[in-house]
Each structure stands twice: as C-alpha cells, then as structure tokens.
Amino acid sequence: MSLREHALSLFRSAVATVRPAPMLKRAMKLQGDGCPQLLVKGQAFPVKRDLYLVGFGKAVLGMAAAAEEILGDHLVQGIINVPLGIQESLQRAGMQEMLLKPHSKIQVIEGAKNNLPDPEALKGTAAIQELAEGLTADDLLLVLISGGGSALLPAPIPPILLEEKEKLTKMLASRGAAIQELNIVRKTLSLLKGGGLARLAYPARVVSLILSDVIGDPLDIIASGPTAASSHSVQDCLRILAKYNLLHNLPKSVETVLSCSPTKPTALEDYSHVCNIIIGSNTLALDEAKRQAEGLGYAALILSTAICGEVGHIATLYCQLIRLVCLSFAGLGEGPLSDEVRGNLLQLAAELEIPGLNLAEFLQALQRLGPERPVCILAGGETTVQLQGTGKGGRNQELALRVGLGLHRAQATEGSSPPGRCEIIFLSGGTDGQDGPTEAAGAFCSPELVDEALQEGLDAEAFLSNNDSYTFFSQFQGGRHLLVTGLTGTNVMDIQAILIRATERS
Ligand SMILES: Nc1ncnc2c1ncn2[C@@H]1O[C@H](COP(=O)(O)OP(=O)(O)OP(=O)(O)O)[C@@H](O)[C@H]1O
Ligand SMILES: O=C(O)[C@H](O)CO
C-alpha cells in the first residue's frame, strides 16, 4: 500500500470510531422495566413519566437513530434539526444504520445549508422550543448535541432578524474569529443558546449527550452550549465585536439586544436539573488512528488534539516537523541543522499557544525514533483561516496546500530533496466530511505537489492567495488529491496525518 492509501485508511478508521451508533451504544443504556432508568456513562436518570428527545448538529441523525433503538417505546416524541441533504447522502452511501426507521417517533427537519442558519433551521428550532416549553417535572428530555448545532438551532432574540445574525456571524468567521469567540457572540444574541434551551425545559430533567467538536470539549461553547451554564457575559461579546472591528456598524436590532442583555451570566443554580455528558471527541478518533498506524508498522505519535491557530503558522509547524524527521532519517538527528529546526519549532509553539502541547517532550520522543520504521504523526483540532480572497476552499484544503508549498520551498532552498530522501504524505481532513462550503473533506499533499501542478499550468501560490484551495485541488491531476468522503454523519473537528518513510539514498 502507498503512504497515501495508508493515510486514507487511518482517516477512515478514526472517523469510523466516532460514528454515532457505536459511540452512543457505548455511552447509554436503558435499564429496568417497572421503573426504568437511563444509564449514561455510569450515571442513572429515572424515567418517571415521558421521555422526549431533541437534537441538532451534523452527527445528530445517527445519534438519534441509535438512541431510538435504545429507548424503544419509552420515547414519546422527538424532533431533530440536521444538515440539509444528510438523509439522502447517508442513504446513497448505504449508511442505513444512521437513518431513522420508517415509523420513527422522531421528526427530522433538514436545514442550515452550507452550515449557515436558514428559515428551515428556524422552523425546526421553533418546534424544539415548543416541545421544551411544554414539559413537566416528571418528564425527561434527552438532548443530542454535536458540532454544527449552532447553525441548526437559530433563535435570534427579537428584534434581531435571522439574516442580520447570519451576516454578523459570517463576518466574524471571515475575519478569523475562533469558534469560542463566534459562539460567545451567538450566545448573547440567541434565545436558546447559552443555556436557553435547558432553562426553557425546566422543570423537566435534561440530559444532554454531546459529541465534541471544540478544542478542550468546553460544554458552554460546543454548539453554543444550549444546555450549559454560560460563563460569558455581554461584556465578553462586546470585546469580541470590538476586536474584529464590528462594533461601529452593527444593525440597530443587535444594538438593542446588546443594550438590554443581562450583565452577569445566569446563576449555576438554574441548571441543577441539567446533566451534560461528553460521549465522543477528537481524542477518541486519534487514539484509534494511532492504533491502526501501529498495526500498519508505523512508529506513531499524537502531537496534539488541540491544534489551533492561523492556518499558515500551523502549516509551518508541520513542515518543520517533517524536516526534522527527514534529518533524523538521514542520521542528522543531532547536529546544528536539527538544533536549528528544533529551535524554530519551539519558538513557533510558544507563539501558537496550543493548549496542553508539550512540544519539547514530543520532540524528544521523535528523536528516539530511528529510520527503521516509517513514522506517523497524528494531530487534531481546528485551524483558522483569515479570508483575503474570493475563492472556494476550506481550512483543511488550505492547510494541505500550504504544507505542499512549504515543503516545496524547503527543498528549493536546500537545492535538493529533503536530506536522506524521504517519502512524505500529508493529509488534512474534516471528520464531518465537509471542509468549508465544498464537496471535499480535505486534501493530501506531498513535496512534489507544487512542481507537478506547475507542469499542468497551475500556480499553487496564486490559488492560495485567493483562498481558492478547492479549485486548485479539483483541477490538479483531475482532483486526485482531494479527500472526498461525503458527509460522514459525525463531527469531531479535523484530523491531520503525516506519514514519512525513508527511501533508498541516491
Ligand atoms: N475559501 C476558503 N478557503 C479556506 N477556508 C475557508 C474558505 N471559505 C470558508 N473557509 C473556512 O471554512 C470554515 C467553515 O467551514 P465549515 O462550515 O466546515 O465550519 P466548521 O467549523 O466545520 O463548522 P462547525 O464548527 O459548525 O462544524 C471557516 O473556518 C472558514 O474560515
Ligand atoms: O455548532 C457549533 O457551534 C460548532 O460546530 C462548535 O460546536
């Protein structure tokens, strides 16, 4: 198998492990007939009367199908908001287990085309809101939450219009706001986000099962925390709007809502009826990829599950890591050249502030690896892209193209192939199967990409400067380097795999 096939198979197995059905079945059970109890990760919740289900997010269809199977007749009614086209896409992909059965008690509403709130998602949200409002103290509400939930549960506080909120979030995203910042703003302007759904469902017991797509798994940020106490205030929102220079041209309606927002977050006591439980994350997916890589004969290391920061800086980080491995394969793991690369990497890591990353320790582990076995470096997280151009792309394709360009430049300055001649493949992909508003999940690259593209008349750098990575990869070698999986029905952020093996020296 080629490195590329290995990378693809690692990506696929990482995604398979966080598919909704196996994950939900591992996490939840219904126990006892007379007085049934819902058991979630060791916690018991008595089902006193009726059991309801709501959900929103890219992975929620499969989560709901698995939940309905577990809950059986105890489930009275459910409503879920899921991405537009997901049922057809999963059907086409033969992923029947992610679809609801024909006489399901769960109503499915599809919306949020291209991960943006729309009137369909608004309609679904109104139905969820009505269901939550009608619950009593003896009811239990199971809430299924996954990434993409923010766009699928829009409820702008009047008089804010949906289009106004959409425009503002789009502007924040395009100026490089991180998901934390984006969702702090969304929470402030929404009825159901920031714990609003849990408050509406009171006095019913609320149990939320959450598939995390945010670094560090923060309950109040994932899908904008509709069932979690928010630790943020209107001042945090104002600070973010000021940071991105948006404070001075806000719509009147947004100004009105901001001026009436409570200055303190809601008290924790208001959430004593709620239990939020993370059932899946990027870590779970990367652990599986590592296991698979080892099975394929690689010395595999996980760099971090919290990769974040500007895409260009992360590309540099990966290029330098690749260089270090190649130097080590060439027997130059110790010496001035490697020391220089290590110094650059530590400097970069200090600037990037990737949560929990101990790069010095990682580099030591890397140094201990010999050239006998191929090396696999795995990482996960979510980079940010500051859009400058008008092209089509996503952060994974942009990252792959930048890494390709970086490896090419390094070769050009060294005047030869990487020392010791290494075969290298880099893959970056979104576990949801959709990278930005494109049909691809991500892309592969290698150090040869830039030269090969030039032979086809494609200038990688020009595409990058227009944020047009998707167009580049679609045209280059007939789209061979695009990672196309279709919607996967799950979502635990992005995954990167770097595979390197030593080749014969020339
Ligand atoms: N032309 C482009 N080139 C590079 N990145 C882009 C481009 N257009 C959009 N993006 C990036 O794509 C991201 C939005 O993609 P997507 O809708 O997949 O978001 P997401 O973060 O996966 O959504 P969620 O977090 O809700 O699951 C943003 O980070 C945005 O900067
Ligand atoms: O929906 C959202 O807000 C993002 O996917 C983060 O969870």
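Parameters at a glance
- Residues numbered from 1 in each chain as written.
- Chains lettered and ligands numbered in written order.
- Predicted model: local features only at pLDDT ≥ 70, side-chain atom pairs only at ≥ 80, totals over all residues.
- Heavy atoms only, no water.
- Pairing = 2+ DSSP bridges.
- Helix = DSSP H or I, 4+ residues; strand = E, 2+ residues; numbered from the N terminus.
- Axes fitted to C-alpha atoms, helices over the stretch in contact; angles between N-to-C directions.
- Contact = heavy atoms within 4.5 Å.
- Parallel < 35°, antiparallel > 145°, perpendicular 65-115°, else oblique.
- Left-handed = near helix turned anticlockwise from the far one by under 90°.
- Near = heavy atom within 4 Å.
- Polar contact = N/O pair within 3.5 Å; in protein donor to acceptor, adjacent residues only side chain to side chain.
- Areas by Shrake-Rupley, 256 points an atom, 1.4 Å probe, with all protein chains shown as cover.
- Nonpolar A, V, L, I, M, F, W, Y, C, P; charged D, E, K, R; others polar.
- Core = buried A, V, L, I, M, F, W, Y, C linked by side-chain atoms within 4.5 Å.
- Buried < 20%, exposed > 50% of the residue type's maximum accessible area, 1.4 Å probe, protein only.
- Phe/Tyr/Trp six-rings, centres within 6.5 Å; stacked < 30°, edge-to-face > 60°.
- Lys NZ or Arg CZ within 6 Å of the ring centre and 35° of its normal.
- Disulfide = S-S within 2.5 Å.

Novice: Looking at this structure, I do not really get the sheet that holds strand S6 (residues 106-111). What am I missing?
Specialist: Sheets are built from strands paired through backbone hydrogen bonds, the pairs being either parallel or antiparallel. Sheet architecture is open: six strands sit in the order S6-S5-S4-S7-S8-S9, paired in parallel fashion. Of all the strands in the sheet, the pair left with one neighbour each is S6 and strand S9 (274-280). Going across the sheet, the axis of each strand differs from the next one's by a mean of 15°, ignoring polarity. As paired strands, strand S5 (residues 75-83) and S6 are joined by six bridges and run parallel to one another. Note that in S6 the partner of Asn81 across the bridge is Ile109. Sitting on the sheet, helix H2 (residues 20-27) is in contact with strand S7 (140-146), strand S8 (205-211) and S9, with an inclination near 130° to S9. Strands strand S4 (51-56), S5, S6, S7, S8 and S9 of the sheet are contacted by helix H3 (residues 60-71), whose axis makes an angle of about 150° with S7.

Novice: It is not clear to me how the packing of H2 against H3 should be interpreted in this structure. Could you clarify?
Specialist: Think of two packed helices as two axes; the pair is described by the angle between the axes and how far apart they sit. The geometry of H2 relative to H3 is characterised by a closest axis approach of 8 Å and an angle of 40° between their N-to-C directions. One way to sum up the angle between H2 and H3 is to call them oblique. As for the relative orientation of H2 and H3, their crossing is right-handed in sense. On H3, the residues that touch Pro20, Ala21, Leu24 and Lys25 of H2 are Gly62, Met63, Ala66, Ala67, Glu69 and Ile70.

Novice: Looking at this structure, I do not really get the site of ligand 1. What am I missing?
Specialist: As a structural note, the neighbourhood of ligand 1 is formed by 19 residues, with Lys58, Asn115, Gly393, Arg395 and Asn467 the closest of them. Between ligand 1 and the protein, one listed contact pairs an oxygen atom with a side-chain N or O atom of Asn115 at 2.6 Å. Measuring from an oxygen atom of ligand 1, one finds a backbone N or O atom of Gln434 at 3.4 Å. Taken by itself ligand 1 offers 640 Å² of open surface, and the protein chains cover 83% of this. Looking at the shell around ligand 1 residue by residue, the classes come out as three nonpolar, nine polar and seven charged.

Novice: What's the story with the nonpolar core in this structure? I'm lost.
Specialist: It is characteristic of soluble globular proteins that their nonpolar side chains tend to be buried jointly. Counting residues in each nonpolar core, the largest one holds 64 residues, and the members touching the most others are Leu303, Tyr318, Phe362, Leu366, Val403, Phe472 and Ile500. If you tally residues by element for this core, the top one is helix H13 (residues 311-329), at 13 residues. By size, the runner-up hydrophobic cluster in this structure holds 63 residues, among which are Met23, Leu24, Ala65 and Leu427.

Novice: Looking at this structure, how should I read the packing of aromatic side chains?
Specialist: Remark: the centre distance and the inter-plane angle together describe each pair of aromatic rings, the angle taken between the planes. As enumerated under the stated definition, the model contains four aromatic pairs in all. Judged by centre distance (5.5 Å) and plane angle (70°), the rings of Phe463 and Phe472 are edge-to-face. Looking at Phe472, the relative accessible area reads 0%, which means it is buried. Taking NZ or CZ as reference, Arg4 lies 4.3 Å from the ring centre of Phe444, over its face.

Novice: Would you take a moment to explain the environment of Glu398 for this structure?
Specialist: With respect to the helices, strands and loops of the structure, Glu398 is situated in helix H16 (residues 395-414). Along the backbone, Glu398 and Tyr470 are 72 residues apart, and their C-alpha atoms lie at a distance of 8.0 Å. Setting aside residues up to four positions removed in sequence, Glu398 forms contacts with Val311, Val385, Leu464, Asn467 and Ser469.

Novice: Teacher, can you tell me more about the state of the cysteines here?
Specialist: Put plainly, a disulfide is one covalent bond tying together the sulfur atoms of two cysteines. Under the definition given, this model contains zero disulfides. Cys445 forms no disulfide, and the closest cysteine sulfur to it belongs to Cys319, at a distance of 7.5 Å. Under the relative-accessibility criterion, Cys445 is labelled buried at 1%.

Novice: Any chance you could explain the site of ligand 2 here in plain terms?
Specialist: In the neighbourhood of ligand 2, the contacting residues comprise Gly147, Gly148, Gly149, Ser150, Ile179, Asn183, Arg186, Asp213, Val214, Ile222 and Ala223. Gly148 is positioned with one of its backbone polar atoms (N or O) 2.8 Å from an oxygen atom of ligand 2. For ligand 2, the accessible surface in isolation is 230 Å², of which the surrounding protein chains cover 93%. For the shell around ligand 2, the elements supplying multiple residues, two or more each, are helix H6 (149-152) and helix H8 (179-188). Here the element with the most residues in the shell around ligand 2 is H8; it accounts for three residues.

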